[in-house]
Amino acid sequence: MDAQDRVREFHDEHEMQGEPEYQLLDLASEVGELAADACSSTEYGVGDGDLQVERDEIGDALFSLLSFANSLDVDADAALDEALEKYERRIAETGDPGSDS
């Protein structure tokens, strides 16, 4: 069973279905917690401190992302495959994975 299925089963077991809007806000909140850890541990990116984030916080963000994908009926693996193909295409065309927009 893949991670997305595990999250779906957890939601089903605990009756945690939520609307996509709620799931997206939850994801933004979790990513915000990662950013807060980064700001704190690196003095807002200008200090000499090493970046420190807790593994469970990354897990929270991943859980929220997969919950959001499930709420939209999006296959996360397929979405990742599309993103990787996009980055490969950009690198081949421009030598850089970043978008120009």
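Residues numbered from 1 in each chain as written. Predicted model: local features only at pLDDT ≥ 70, side-chain atom pairs only at ≥ 80, totals over all residues. Heavy atoms only, no water.

1. A look at the overall build of the protein
Okay, step 1: Looking only at helices and strands, the protein features 4 helices and 0 strands.
Okay, step 2: Along the protein, helices (α) and strands (β) appear in the sequence α-α-α-α when read from the amino end.
Okay, step 3: Counting only C-alpha atoms, the protein reaches 45 × 40 × 25 Å along its principal axes.
Okay, step 4: Burial status across the protein gives 18% buried among its 101 residues.
Okay, step 5: Long-range pairs, those at least 24 residues apart, make up 57% of the contacts in the protein between residues at least 6 apart in sequence.
Okay, step 6: For the protein, the exposed surface amounts to about 7600 Å²; the carbon and sulfur share of it is 52%. (Helix = DSSP H or I, 4+ residues; strand = E, 2+ residues; numbered from the N terminus. Buried < 20%, exposed > 50% of the residue type's maximum accessible area, 1.4 Å probe, protein only. Contact = heavy atoms within 4.5 Å. Areas by Shrake-Rupley, 256 points an atom, 1.4 Å probe, with all protein chains shown as cover.)

2. A look at the pattern of salt bridges
Okay, step 1: Tallied over the full model, the rule gives 1 salt bridge.
Okay, step 2: In this structure, Arg 8 and Asp 5 form a salt bridge, with 2.7 Å as the shortest nitrogen-oxygen distance. Of this pair, Arg 8 and Asp 5 both sit in helix H1 (residues 3-13), 3 residues apart, roughly one helical turn.
Okay, step 3: Residue class for Asp 5 comes out partly exposed when judged on its relative accessible area of 30%. (Salt bridge = Lys/Arg side-chain N within 4 Å of Asp/Glu carboxyl O.)

3. Brief notes about the layout of surface pockets
Okay, step 1: Of the volumes computed, that of the largest pocket is approximately 250 Å³.
Okay, step 2: What lines the largest pocket is a set of 14 residues, and nearest its centre among them are Gln 4, Leu 65, Leu 66, Ala 76 and Asp 77.
Okay, step 3: Secondary structure elements with two or more residues in the lining of the largest pocket: H1, helix H3 (55-71) and helix H4 (76-94).
Okay, step 4: For the lining of the largest pocket, the leading source of residues is H3, giving 5 residues. (1 Å grid on protein atoms, 1.4 Å probe; cavity = no way out; pocket = protein on both sides within 12 Å on 5 of 7 lines; lining within 4 Å. Points joined across faces, edges and corners; volume = space filled by probe spheres on them.)

4. Focus: the side chain of Gln 23
Okay, step 1: Mapped onto the fold, Gln 23 is located in helix H2 (residues 20-42).
Okay, step 2: Gln 23 has contacts with His 11, Met 16, Gly 18, Ser 64, Ser 67, Phe 68 and Ser 71, leaving out every residue within four places of it along the chain.

5. Focus on unusual backbone geometry
Okay, step 1: Of note, Glu 15 is a non-glycine position whose phi angle comes to about 50 degrees, a positive value.
Okay, step 2: Looking at the element boundaries, Glu 15 is found in the loop between H1 and H2.
Okay, step 3: In the Ramachandran plot, Asp 73 falls in the positive-phi region, its phi being about 60 degrees despite a non-glycine side chain.

6. Looking at the packing of H1 against H3
Okay, step 1: Two elements in contact, H1 and H3, have axes whose closest approach is 9 Å; the angle formed by their N-to-C orientations is 80 degrees. Looking at the two axes, H1 sits roughly perpendicular to H3. Residue-level inspection shows Ala 3, Gln 4, Val 7, Arg 8, Phe 10 and His 11 of H1 in contact with H3, the latter providing Phe 63, Leu 66, Ser 67, Ala 69 and Asn 70.
Okay, step 2: A breakdown of the residues in the contact of H1 with H3 according to their chemical character gives 6 nonpolar, 4 polar and 1 charged. (Axes fitted to C-alpha atoms, helices over the stretch in contact; angles between N-to-C directions. Parallel < 35°, antiparallel > 145°, perpendicular 65-115°, else oblique. Nonpolar A, V, L, I, M, F, W, Y, C, P; charged D, E, K, R; others polar.)

7. Considerations on the packing of aromatic side chains
Geometry of an aromatic ring pair is reported as the spacing of the ring centres plus the angle between the planes.
Okay, step 1: Scanning all chains against the criterion turns up 1 aromatic pair.
Okay, step 2: With centroids separated by 5.8 Å and ring planes inclined at 90 degrees, the aromatic side chains of Phe 10 and Phe 63 adopt a geometry described as edge-to-face. Of this pair, Phe 10 sits in helix H1 while Phe 63 sits in helix H3, and the two are 53 residues apart along the sequence.
Okay, step 3: Overall, the relative accessible area of 37% leaves Phe 10 in the partly exposed class.
Okay, step 4: Taking the ring centre of Tyr 87 as reference, the NZ or CZ of Lys 86 above it sits at 5.4 Å. (Phe/Tyr/Trp six-rings, centres within 6.5 Å; stacked < 30°, edge-to-face > 60°. Lys NZ or Arg CZ within 6 Å of the ring centre and 35° of its normal.)

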